[in-house]
Amino acid sequence: MTEPPTTVARGGLRRTTVRDVAENAIREMILAGELSPQTRLNEVTIAEELGISRGPLREAIQRLASEGLLEIVPHKGAFVTAVEEKELRQLYELRIAIETYSARKACASLPPAGRQAIMQALEGAQTALKSDAAYPADMDFHRSLVAMADNAALDQALREVNAKISIARRRSAREPARAREAYQEHEAIAEALLAGHAARTAKLLEAHLWRSFESAVALLLR
């Protein structure tokens, strides 16, 4: 079996391995809804589709399990994680705490690069929404906001929380009405943030995230 080439790290650059290719492919299948919650992964089929051996595929599965996207059941295999409403609510509560704290901190000292990142995220989303119903995942407004707090621990905490809620959140973002509502809410949050109004930014952000939760729950219950 011919496997994808490996990019060797030079000058401190991260190397791309066969496992990375498999990990990214499976993650996208999950987030795009091609693999539904509670679906068992067929390792043979996936390995054949990706043109790789099962060794690096299993390594990728272990990585995705550590992110919370997959659940490994002994003697049965790997299944796409299903998040229940109670757990999703708890995850959103944690996400709100992380993001509102970050927003307040950013309002106290907003660097020029942070302003630029927020505006670029909004502009990119506006352009994408003109031709696509899904909110663009590669221009994540929320990651930009938390990054402005300049706290690596908060960044990591947000990534871990989002790994568990990403399935429902991405499906919600693919709903045309919710995607456009989210953009309008982001605009209001950015306006308050750039004006340095910490309390208003946090209030708008919390309301926005609860609406995101409600939209995600509605899809889980379908």
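On a predicted model such as this, the values are computed, not experimentally measured, just so you know. (Residues numbered from 1 in each chain as written. Predicted model: local features only at pLDDT ≥ 70, side-chain atom pairs only at ≥ 80, totals over all residues. Heavy atoms only, no water.)

## Overview of unusual backbone geometry
The backbone of Gln-38 sits at a positive phi, close to 75°, despite the residue not being glycine. If you trace the backbone, Gln-38 turns up in the loop between helix H1 (18-31) and helix H2 (43-50). Look at Gln-38 and you get exposed, because its relative accessible area is 59%. Look at His-75: it is not a glycine, yet its phi comes out positive at around 70°. Inspection of the secondary structure puts His-75 in the loop between strand S1 (70-73) and strand S2 (77-80). Residue classification places His-75 among the exposed residues on the basis of a relative accessible area of 88%. (Helix = DSSP H or I, 4+ residues; strand = E, 2+ residues; numbered from the N terminus. Buried < 20%, exposed > 50% of the residue type's maximum accessible area, 1.4 Å probe, protein only.)

## Focus on the packing of aromatic side chains
As enumerated under the stated definition, the model contains two aromatic pairs in all. Taking the centre distance of 5.6 Å and the plane angle of 65° together, the rings of Tyr-92 and Phe-213 count as edge-to-face. A residue pair is termed long-range when its members are at least 10 positions apart, and Tyr-92 in helix H4 (residues 85-108) and Phe-213 in helix H9 (residues 198-220) qualify at 121 residues. The class of Phe-213 is buried, set by a relative accessible area of 3%. Centre to centre, the rings of Trp-210 and Phe-213 are 5.4 Å apart; their planes meet at 85°, and the pair counts as edge-to-face. Taken together, the positions of Trp-210 and Phe-213, both in helix H9 and three residues apart, correspond to about one turn of that helix. Residue classification places Trp-210 among the partly exposed positions, given a relative accessible area of 22%. An aromatic cluster of three or more residues is present, and its members are Tyr-92, Trp-210 and Phe-213. (Phe/Tyr/Trp six-rings, centres within 6.5 Å; stacked < 30°, edge-to-face > 60°.)

## Some points on the confidence of the model for the protein
When pLDDT is averaged along the protein, the result is 84; 83% of the residues meet or exceed 70. In this model, residues 4-13 is a region of pLDDT below 50 whose contacts with residues beyond four sequence positions or in other chains number 15 contacts. (pLDDT = per-residue confidence, 0-100. Contact = heavy atoms within 4.5 Å.)

## Some remarks on the pairing of S2
The pairing of S1 with S2 spans four bridges and is classified as antiparallel. Its bridge partner lying in S2, Val-73 is registered against Gly-77. The turn linking S1 back onto S2 is made up of three residues, and His-75 within it adopts a positive phi angle of 70°. (Pairing = 2+ DSSP bridges.)

## Side note on the pattern of salt bridges
For the coordinates displayed, the defined rule picks out eight salt bridges. Here Arg-54 makes a salt bridge to Glu-43, at a shortest N to O gap of 3.3 Å. Of this pair, Arg-54 sits in helix H3 (residues 54-67) while Glu-43 sits in helix H2; the two residues are 11 residues apart in sequence, bridging distant segments of the chain. As a salt-bridge pair, Arg-58 and Glu-43 come within 2.9 Å of each other at their nearest N and O atoms. Here the residue Arg-58 occupies a position in helix H3, and Glu-43 occupies one in helix H2, the gap between them amounting to 15 residues. Here Glu-43 falls in the buried class, since its relative accessible area comes to 18%. Here the salt bridges share partners, and the residues they tie into one network are Glu-23, Arg-27, Arg-63 and Glu-67. (Salt bridge = Lys/Arg side-chain N within 4 Å of Asp/Glu carboxyl O.)

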